[in-house]
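Close look at the chain arrangement
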Amino acid sequence: MRKTLIIGATSAIAQATARRFSAAGDALFLVARNADRLQIIADDLRIRGASRVRVQALDVLDYDRHQAIIETAIEALDGLDLVLIAHGTLPDQRTCEGSFAATRAAFEINALSTISLVTYLADYFEASRQGTIVVITSVAGDRGRQSNYVYGSAKGAVTIFLQGLRNRLHQSGVKVITIKPGFVDTPMTSAFEKGALWATPEQIADRIAAAVAKAVDVSYAPAFWRPVMALIRSIPERFFKRMQL
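By convention here, each chain's residues receive numbers from 1 onward along its written sequence. The predicted origin of the model limits local features to residues at a pLDDT of at least 70 and limits the giving and counting of side-chain atom pairs to 80 or more, whereas totals for whole chains, interfaces and linings rest on all residues. Each side-chain value is derived from all of the structure's non-hydrogen atoms; neither hydrogens nor water enter the calculation.

**Considering the pairing of strand β4 (residues 82-85)**
Here is the key point about a regular strand: its side chains alternate between the two faces of the sheet. Here β4 shows two buried faces, one formed by L82 and L84 and the other by V83 and I85. Here four bridges tie strand β1 (residues 3-7) to β4, and the two strands are oriented parallel to one another. Pairing of L5 across the sheet is with V83, part of β4. Note on pairing: DSSP must find at least two bridges between two strands before they are called paired. Secondary structure elements are defined from DSSP: runs of H or I of at least 4 residues count as helices, runs of E of at least 2 residues count as strands, and each element is numbered from the N terminus. Judged from the four bridges that link them, β4 and strand β5 (residues 132-136) form a sheet pairing that is parallel. When the bridges of β5 are listed, L82 appears paired with T132. Exposure classes here rest on a 1.4 Å probe applied to the protein chains alone. A residue is buried below 20% of its type maximum, exposed above 50%, and partly exposed in between.

Shown next as structure tokens:
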């Protein structure tokens, strides 16, 4: 029985992934801001096979509660084997361009809150000399583009942080997995026109489950984003800066 903490558990991707973990019989501790929504999700996961489900409401910007929430999860599950961090928002790029306050808010939710949580979790797993930390970032963090460079740079900061953490924790036997989705059809992207490059939360959940099972370091979701982003990163800056991306 795996003991799993999911932060941002009400997100579409987290819910789809939790259903897969439940089918495997995991004991789950779910964290998100909306307590009522958490309880509904917990009831569904129990039916789907989760051996145990506990919930706790948290605004991830309440940094002073991060350590306490993690300690509560550890106590409730009698330890932790796996953590999935899946929260985030998609800021309005144009608003951020004219407002440092909006840019700072985007970094708080998409980067700093995650870094804070992972810092506490890393210490726990390093002392335990086991465990897996899975964090959802984004392909947007692979290269800054005019259409979403605030969101992308926040996610890119998390990606680099996870690279360093992976290097630090490797010798302790702790796995750090970076999940990089592309376009995903979720409530957060409901206003966007969908096309062939868009994936469902269920497809991303399948990639997450596979990444955990295979203990990969970085998983693009879906897989075709790996060559796509490799191509985008390879474009020389003198040409790239002229492109409308």
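Now, onward.
**Focus: the packing of aromatic side chains**
Only rings of Phe, Tyr and Trp enter the pairing, Trp through its six-membered ring, and a pair is recorded when the two centres are within 6.5 Å. The plane angle decides the type: under 30 degrees is stacked, over 60 is edge-to-face, the rest tilted. Inspection of the entire model under this criterion finds five aromatic pairs. Measuring from centroid to centroid gives 6.2 Å for F192 and W198, while their planes differ by 45 degrees, and the two rings are tilted. The exposure class assigned to F192 is partly exposed, which follows from its relative accessible area of 44%. Plain terms: the ring middles of F224 and W225 are 5.4 Å apart, the flat faces sit at 35 degrees to each other, and that makes the pair tilted. Taken together, the ring pairs connect F183, F192, W198, F224 and W225 into an aromatic cluster. Here, a charge over a ring is recorded when the distance from Lys NZ or Arg CZ to the ring centre is within 6 Å and its angle to the ring normal is within 35 degrees. A cation over a ring is seen here: R143 above F240, with NZ or CZ 3.8 Å from the ring centre.

**Some remarks on a nonpolar patch on the surface**
Nonpolar side chains (Val, Leu, Ile, Met, Phe, Trp, Tyr) within 5 Å and like charges within 9 Å form the patches, drawn only from residues with over 30% relative accessible area and no salt bridge. Note on areas: Shrake-Rupley, 1.4 Å probe, and residue coverage restricted to the protein chains presented here. Every case where a carboxyl oxygen of Asp or Glu lies within 4 Å of a side-chain nitrogen of Lys or Arg is listed as a salt bridge. The grouping of F183, L197, F224 and V228 at the surface amounts to a nonpolar patch, some 300 Å² of accessible area in total. Among the structural elements, V228 can be located in helix α8 (residues 225-234).

**Topic: helix α1 (residues 12-23)**
Here a helix's expected span is defined as the number of its residues, less one, multiplied by 1.5 Å. With 12 residues, α1 should reach 16 Å at 1.5 Å per residue; the first-to-last C-alpha distance of 17 Å fits that figure. Listed in full, the buried residues belonging to α1 are I13, A14, Q15, A16, T17, A18, F21 and S22. Downstream of α1 by one or two residues, G25 has phi in the positive range, about 85 degrees.

**A word on the environment of S113**
Assignment of secondary structure puts S113 in helix α5 (residues 100-128). Spatially, the C-alpha atom of S113 lies 9.3 Å from that of H87, the residues being 26 residues apart in sequence. Those residues in contact with S113 that sit more than four places away from it in its chain are V60, L61, Y63, H66, H87 and E108. In what follows, residue pairs with any heavy atoms lying within 4.5 Å of each other are defined as contacts.

**Remarks on the nonpolar core**
Formed by 32 residues in total, the largest nonpolar core has its most connected members in L5, L80, I85, L121 and I133. When residues of this core are traced back to their parent elements, those giving at least two are β1, β2 (27-32), α3 (66-77), β4, α5, β5 and α6 (149-169). In terms of residues, this core owes the most to one element, α5, which gives seven residues. Sequence-distant contacts of L80, that is, excluding residues within four places in its chain, are made with K3, L5, I74, L121, Y124, F125 and Q130. To define a nonpolar core, start from buried Ala, Val, Leu, Ile, Met, Phe, Trp, Tyr and Cys residues and group those joined through side-chain atoms within 4.5 Å.

**Observations regarding unusual backbone geometry**
Here the amide bond leading from A221 into P222 is cis, since omega sits at -10 degrees, within 30 degrees of zero. Of note, the phi angle at R129 is positive, near 60 degrees, even though the residue is not glycine. Inspection of the secondary structure puts R129 in the loop between α5 and β5. Exposure remark for R129: the relative accessible area of 52% places this residue in the exposed category.

**Structural notes on the pairing of β1**
The element β1 is largely enclosed, with a buried count of five among its five residues. Burial along β1 is two-sided: K3, L5 and I7 facing one way and T4 and I6 facing the other are all buried. Looking at chain direction, β1 and β2 are connected through five bridges and run parallel. Among the inter-strand pairings, K3 is bridged to a residue of β2, identified as A27.

**Notes on the side chain of R166**
Counting through the fold element by element, R166 comes out in helix α6. According to the relative accessible area criterion, R166 is buried, its value standing at 14%. Here the side chain of R166 touches T178 through a polar contact of 2.7 Å, side chain to side chain. Those residues in contact with R166, other than ones at most four positions away along the chain, are V176, I177, T178, D217 and V218. Polar contact is defined as a pair of N or O atoms within 3.5 Å, subject to the rule that within protein one atom must be able to donate a hydrogen and the other to accept it, and that residues adjacent in sequence are counted only when both atoms are side-chain atoms.

**Section: α8**
Every buried residue of α8 is listed here: W225, M229 and I232. Mapping the buried residues of α8 onto a view down its axis gives an arc of 55 degrees, with all of them on the same face. Opposite the buried face of α8, at more than 90 degrees from it, the exposed residues are P227 and L231. Of the surrounding elements, those touching the buried residues of α8 are β7 (218-221) and α9 (237-240). Arc, as used here, means the arc of the directions from the helix axis to the C-beta atoms.

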